[in-house]
Amino acid sequence: MTLEEKLRGKRWREVELEGLFEDGDLAVAFARGRGGTYCPAVDFSARAYFCSCPGHRIRGGVCKHIAALLVHLRGRRREEELEEVLLWPRTPGA
């Protein structure tokens, strides 16, 4: 199963990423969607992710903005490493 198949239902295709920043194991971007512009981030060394969107703050888990960031990082990181993020614990309000 591909990363896109594992992200089914996340609506990541609605998100336009801008200003991707990578520093070692940290990846941060600006994500523009219908509801505004948010800041998804993934820290692979800390095994943590965050997004400033309301959905992530309330529910935690991988929102569509983090999903879009993961898809965008394909080719820059190993596929297995990106898929592993989906198994990390939820971090609401982090």
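Just so it is clear, the structure is predicted and the values come from calculations on it, not from any experiment.

Trainee: Hey, could you run me through helix 3 (residues 64-72) in this one?
Mentor: Note that an α-helix has 3.6 residues per turn; residues three or four places apart therefore point the same way. Helix 3 sits mainly inside the fold: 8 of its 9 residues count as buried. Within helix 3 the residues assigned to the buried category are K64, H65, I66, A67, A68, L69, L70 and V71.

Trainee: Explanation requested: the environment of L17 in the structure shown.
Mentor: The residue L17 is located in strand 1 (residues 16-23) in this model. Assessed through its relative accessible area of 22%, L17 is described here as partly exposed. Residues L17 and P40 lie 23 residues apart in sequence; the distance between their C-alpha atoms is 9.5 Å. Other than its neighbours up to four places away in sequence, L17 contacts A29, F30, A31, A68, L69 and H72.

Trainee: In this structure, what is going on with the nonpolar core? I would like to understand it.
Mentor: Note on soluble globular proteins: their nonpolar side chains tend to be buried together. In terms of nonpolar packing, the biggest core is built from 25 residues, with L7, V42, F44, Y49, I66, L70 and V85 touching the most fellow members. Elements supplying a minimum of two residues to this core: strand 2 (26-33), helix 3 and helix 4 (79-85). Top element by residues in this core is helix 3. It accounts for 6 residues.

Trainee: Mind showing me how you'd approach the pattern of salt bridges here?
Mentor: Any two side chains of opposite charge can pair, given that their charged atoms come close. In the structure shown here, the tally under the stated rule is 9 salt bridges. For R74, the salt bridge identified is with E79, shortest N-O distance 3.0 Å. The partly exposed category is assigned to E79, whose relative accessible area is 22%. With its nearest N and O atoms 2.8 Å apart, the salt bridge here joins R77 to E81. As far as burial versus exposure is concerned, R77 and E81 are alike and both buried. The structure contains a network of salt bridges with shared partners spanning R11, E14 and K64.

The rules we used
- Per-chain numbering applies: the sequence of each chain, read as written, is numbered from 1 onward.
- In keeping with the model being predicted, local features are shown solely for residues with a pLDDT of at least 70 and side-chain atom pairs are shown and tallied solely at 80 or more, while totals for entire chains, interfaces and linings include all residues.
- Excluded from the side-chain calculation are hydrogens and water; included are all heavy atoms of the structure.
- Per-residue accessibility, obtained with a 1.4 Å probe over protein chains only, is compared with the maximum for each type, and a residue is labelled buried under 20%, exposed over 50%, and partly exposed between these values.
- For helices the rule is a DSSP run of H or I covering at least 4 residues; for strands it is a run of E covering at least 2, with both sets numbered from the N terminus onward.
- The contact criterion used is simple: two residues touch if any of their non-hydrogen atoms lie within 4.5 Å.
- Throughout, nonpolar core names a set of buried Ala, Val, Leu, Ile, Met, Phe, Trp, Tyr and Cys residues whose side chains join them through atoms within 4.5 Å.
- Here, a salt bridge means any Lys or Arg side-chain nitrogen found within 4 Å of an Asp or Glu carboxyl oxygen.

Note that every value here comes from positions in space, so none of it alone points to a role or purpose.
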